[in-house]
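# Breakdown of the fold
Now for the letters of each chain:
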Amino acid sequence: MKTNTPPPDMTKEQARELKQLSARLNLLDRAIKRDITRDSRRLDAIDHEISRHHSKLLKELGAKQKAFAKPLRQEARLMRTAIHRHHAGTSATQREVAVIKKRIAVLEGRLGS
């Protein structure tokens, strides 16, 4: 703490006032620093709490989305497989069509048995 020595031309009342004001200034400076430290810690705690809550919500939402999408993905996988089989001509229906066409051709005499 810095002590102010009054200049020689000050009266006793002015010197006392200077001393009181200096003491009050030092007290207020410490109070401001303490408030800044307290508020900074609380602000960090608030930011941390918000971040934690956000992460928790995202995790819960991700789990809900995953559960919602699971049966739909299974259905989509089956549909893709069916489409690929149709394009490749290997679906059960297309094999049956091929057998029927072959039998019709045999019956019409276009194809020897």
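Look above for the structure.
Remember, it's a predicted structure, so these values are computed and weren't measured experimentally.

Once that is clear, we can look at the overall build of the chain. Looking only at helices and strands, the chain has two helices and zero strands in total. Here the C-alpha atoms of the chain give a radius of gyration of 44 Å, more than 25% beyond the 13 Å that 2.2 N^0.38 yields for 113 residues. Counting the 113 residues in the chain, one finds 4% classified as buried. Surface accessibility of the chain: about 10,800 Å² in total, with carbon and sulfur atoms responsible for 59%. Treating the 26 positive side-chain charges of the chain as one cloud and the 13 negative ones as another, the clouds have centres 13 Å apart.

For the coordinates displayed, the defined rule picks out three salt bridges. A salt bridge links R38 to D39, with the nearest nitrogen and oxygen atoms 3.2 Å apart. Residue D39 is classed as partly exposed on the basis of its relative accessible area, which comes to 42%. One network of salt bridges, with partners in common, ties together D35, R38 and D39.

The next point concerns helix α1 (residues 12-88). Its 77 residues place the ends of α1 107 Å apart at the C-alpha level, agreeing with the 114 Å of an ideal helix rising 1.5 Å per residue. The principal kink in α1, of about 35°, is found at A69, preceding the proline P71 by one to four residues. Along α1, the residues that are buried comprise S22, A31 and A69. Remark: G89 follows α1 within two positions and exhibits a positive phi of approximately 80°.

Locating S91 in the fold gives a position in the loop between α1 and α2 (92-107). Of the residues examined, S91 reaches a relative accessible area of 7% and is grouped as buried. Apart from the residues lying within four places of it in its own chain, the contact partners of S91 are R85 and H86.

Along the chain, H86 falls in helix α1. Judged by its relative accessible area of 42%, H86 is partly exposed. Every residue in contact with H86, bar those within four places of it in the chain, is listed here: S91 and Q94.

Turning our attention to α2. Its 16 residues give α2 an end-to-end C-alpha distance of 23 Å, which sits within 8% of 22 Å, the value for a rise of 1.5 Å per residue. Immediately downstream of α2, the backbone of G109 shows phi near 85°, a positive value.

The rules behind the values
Residues numbered from 1 in each chain as written. Predicted model: local features only at pLDDT ≥ 70, side-chain atom pairs only at ≥ 80, totals over all residues. Heavy atoms only, no water. Helix = DSSP H or I, 4+ residues; strand = E, 2+ residues; numbered from the N terminus. Rg over C-alpha atoms; globule rule 2.2 N^0.38 Å. Buried < 20%, exposed > 50% of the residue type's maximum accessible area, 1.4 Å probe, protein only. Areas by Shrake-Rupley, 256 points an atom, 1.4 Å probe, with all protein chains shown as cover. Lys, Arg positive; Asp, Glu negative; His and termini not counted. Charge placed at Lys NZ, Arg CZ, Asp CG, Glu CD. Salt bridge = Lys/Arg side-chain N within 4 Å of Asp/Glu carboxyl O. Expected span 1.5 Å × (residues − 1). Bend = angle between axes of the 7 residues up to and from the residue. Contact = heavy atoms within 4.5 Å.

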